Structures are given as C-alpha cells and as structure tokens.
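Residues per chain, in single letters:
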Amino acid sequence: MYESVVSGEKSFRLAVLGSGKGSNFAAIAEGCAKRTIPAQVAVVVSDVADAGILAQARQRGINAEFIAPGKFRTKLDEEAETRLVELLKGGQIDLVVLAGFMRILKGEFLRAFAGRVINIHPALLPAFPGLEAWKQALDYGVRVTGCTVHFVDQGIDTGPIIAQETVPVVAGDTYEKLHARIQEAEHRLYPKAVAALATGKIAVKGRQVVWLE
Ligand code: GRF
C-alpha cells in the first residue's frame, strides 16, 4: 500500500547542508561512524565560507564545500542552485539533510531531489514555523515545545512530518536555555530519522509518514 521512500541496499550517501555551527551534522556524522546510522556523509555544503559546520567536516576528513550564495539574502541565486544540484548529483547523493541551512530551496533543487530532502525544525510543527522558533514558543507561553524532522516541500516548514520529540518549557527558561534543551533533543531525533530513511523504514503517502517494522 505504501511505497518505501528509499531502500537500504547500497551504501547510502548523505549530503548535509548547514549555515551554522553544525551540531546536528556532528550528531549524524557520529552515528555514521558508530554505524547506528548505516550511511556515510559524502559531502557537507555551506553558504557561509567560515561556518563551523565546514570546519567540523574537515576535521572529520569529510568533503566540505562552500557555495557562494549569490545576490539574494534568503535563497541561492540560479547559478548557485545549479552548482549545488550538480555537486550533489555528481556525488550520487541519496538523501539531502538540511541542518540549519538558512537558504530556502525551491524549484529546480526540489525537483532534482524530490522526496529526498529533510529538515529539522526547533519546534513542534505546525506550531511556530519560520525563524527562531524557540523564541516564538517561549514568547507565546506554551508549556511544551520540541523539534520536528520533516520532508521539505515548496512551503516553509510545511512538508510531511517524519518524527517529533517534545521538550518541556520550565520555570526560569530563557531563549538560550530552551534552545539548548531543544538542541539536545535534535541530536537524538535527527540521527534516528536518518537511520530509518537509510534502511528503507520510512514510507510516505500524501502527508502521512509511516515507520515500517
Ligand atoms: C538547529 O537548532 C535546527 O533546529 C535549526 O538550525 C539549528 C542548527 O544548529 N534548523 P546546528 O548548526 O546543527 O548546531
């Protein structure tokens, strides 16, 4: 009834895209090294030349590529997007893992990797999409927030939800404390979701994502 998104037969190749410090990348790379994720990070790509994620990739001996984003602030220009697609196609990438990548990917990129791009968001979607979701949650006054791994579609944080973990908001929370606690949850949740995708355990039908046994 459901069609498996990916199958885990050959070596499963990840591209991790990020603009920041790369703590989620580190958690995933660690999972690959320990084989709790049966996959390899084939390449790390950033739109920020001095991003921590690139330095961390180089330290681990993983191919690290900077792509100059071009003239826009929130997306890659056409040339940069074409370069990115060529880089990932050339690297025979099975799954594109967005980990704090601050550029919206649309059109050509999503067509080239249809159903194979995932993201982690620091809130329980569909609540608090967009930027600095932990601030939005604290300001709103929710008692529980968390993180969400989801497929990427044309919208902002709107794709089918693969996994979520809750994080309580506690007395005395600041933006920083809450964000740090959410990130701890991210480092558990994202590797689990990537492992499930790498082993063909995730099927999707419309908005419904099913974890196969
Ligand atoms: C994470 O909090 C994630 O939820 C958001 O960007 C942040 C990336 O952090 N999408 P890091 O670079 O993985 O440490």
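Above this note sits the structure.
Structural notes, computed from the coordinates. Note that the coordinates shown come from a computational prediction; the quantities given were computed from them, not determined experimentally. (Residues numbered from 1 in each chain as written. Predicted model: local features only at pLDDT ≥ 70, side-chain atom pairs only at ≥ 80, totals over all residues. Heavy atoms only, no water.)

The subject of this paragraph is the pairing of strand 4 (residues 95–98). The two faces of strand 4 match: Leu95 and Val97 on one face and Val96 and Leu98 on the other face are all buried. Where strand 1 (residues 13–17) lies against strand 4, four bridges are found, and the strand directions are parallel. Paired with Leu17 across the two strands is Leu98, which belongs to strand 4. Since strand 4 and strand 5 (residues 117–121) lie parallel, the crossover through helix 4 (residues 107–112) that links them has a hand, and here it is right-handed. (Buried < 20%, exposed > 50% of the residue type's maximum accessible area, 1.4 Å probe, protein only. Helix = DSSP H or I, 4+ residues; strand = E, 2+ residues; numbered from the N terminus. Pairing = 2+ DSSP bridges. Right-handed = clockwise from strand over helix to strand, strands pointing away.)

This next bit is on helix 3 (residues 78–90). Along its 13 residues, helix 3 runs 18 Å from first to last C-alpha, staying within 8% of the 18 Å computed at 1.5 Å per residue. Those residues of helix 3 that sit buried are Ala80, Glu81, Leu84, Val85 and Leu88. The buried residues of helix 3 occupy an angular sector of 135 degrees when the element is viewed end-on, so they sit on one face. Across from the buried face of helix 3, at angles greater than 90 degrees, the exposed residues are Glu78, Glu79, Glu86 and Gly90. Turning to helix 3, the residues buried within the fold contact strand 1, strand 2 (40–46), strand 4 and helix 4. Immediately downstream of helix 3, the backbone of Gln92 shows phi near 50 degrees, a positive value. (Expected span 1.5 Å × (residues − 1). Arc of directions from axis to C-beta. Contact = heavy atoms within 4.5 Å.)

Next up on the list: the packing of helix 1 (residues 23–34) against helix 2 (residues 52–59). When two helices pack together, you describe them by how their axes are tilted relative to each other and by the distance separating the axes. Running from N to C, helix 1 and helix 2 point in directions that differ by 25 degrees, and their axes come no closer than 9 Å. Put simply, helix 1 runs roughly parallel to helix 2. Viewed along their axes, helix 1 and helix 2 form a crossing whose handedness is right-handed. Only Ile53, Gln56 and Ala57 of helix 2 make contact with helix 1, whose side of the interface consists of Ser23, Phe25 and Ala26. Across the contact of helix 1 with helix 2, the residue classes break down as four nonpolar, two polar and no charged. (Axes fitted to C-alpha atoms, helices over the stretch in contact; angles between N-to-C directions. Parallel < 35°, antiparallel > 145°, perpendicular 65-115°, else oblique. Left-handed = near helix turned anticlockwise from the far one by under 90°. Nonpolar A, V, L, I, M, F, W, Y, C, P; charged D, E, K, R; others polar.)

Another point: the site of the ligand. Around the ligand, the neighbouring residues are Gly20, Lys21, Gly22, Ser23, Asn24, Gly100, Ile120, His121, Pro122, His179, Gln183 and Glu186. Contacts to the ligand include His179, whose side-chain N or O atom sits 3.3 Å from an oxygen atom. Against a free-state accessible area of 370 Å², the protein chains account for coverage of 87% of the ligand. If you map the ligand onto the pockets, it falls in the largest pocket. Going through the elements one at a time, helix 1, strand 5 and helix 6 (175–198) are the ones with two or more residues in the shell around the ligand. With three residues, the top contributor of residues to the shell around the ligand is helix 6. (Near = heavy atom within 4 Å. Polar contact = N/O pair within 3.5 Å; in protein donor to acceptor, adjacent residues only side chain to side chain. Areas by Shrake-Rupley, 256 points an atom, 1.4 Å probe, with all protein chains shown as cover. 1 Å grid on protein atoms, 1.4 Å probe; cavity = no way out; pocket = protein on both sides within 12 Å on 5 of 7 lines; lining within 4 Å. Sits in = over half its atoms within 2 Å of the grid points.)

According to the stated counting rule, one finds five salt bridges in the structure shown. Between Arg60 and Glu30 there is a salt bridge; the shortest N-O distance is 3.0 Å. Remark: Glu30 occurs in helix 1 and Arg60 occurs in the loop between helix 2 and strand 3 (64–66); sequence separation between them is 30 residues. Here Arg60 falls in the partly exposed class, since its relative accessible area comes to 35%. By relative accessible area, Glu30 is classed as partly exposed at 30%. Taking the shortest distance from any N to any O, the salt bridge between Arg188 and Glu165 comes out at 2.6 Å. Of this pair, Arg188 sits in helix 6 while Glu165 sits in strand 7 (residues 161–168); the two residues are 23 residues apart in sequence, bridging distant segments of the chain. By relative accessible area, which is 42% here, Arg188 ends up partly exposed. Taking relative accessible area as the criterion, Glu165 reaches 17% and is therefore assigned buried. (Salt bridge = Lys/Arg side-chain N within 4 Å of Asp/Glu carboxyl O.)

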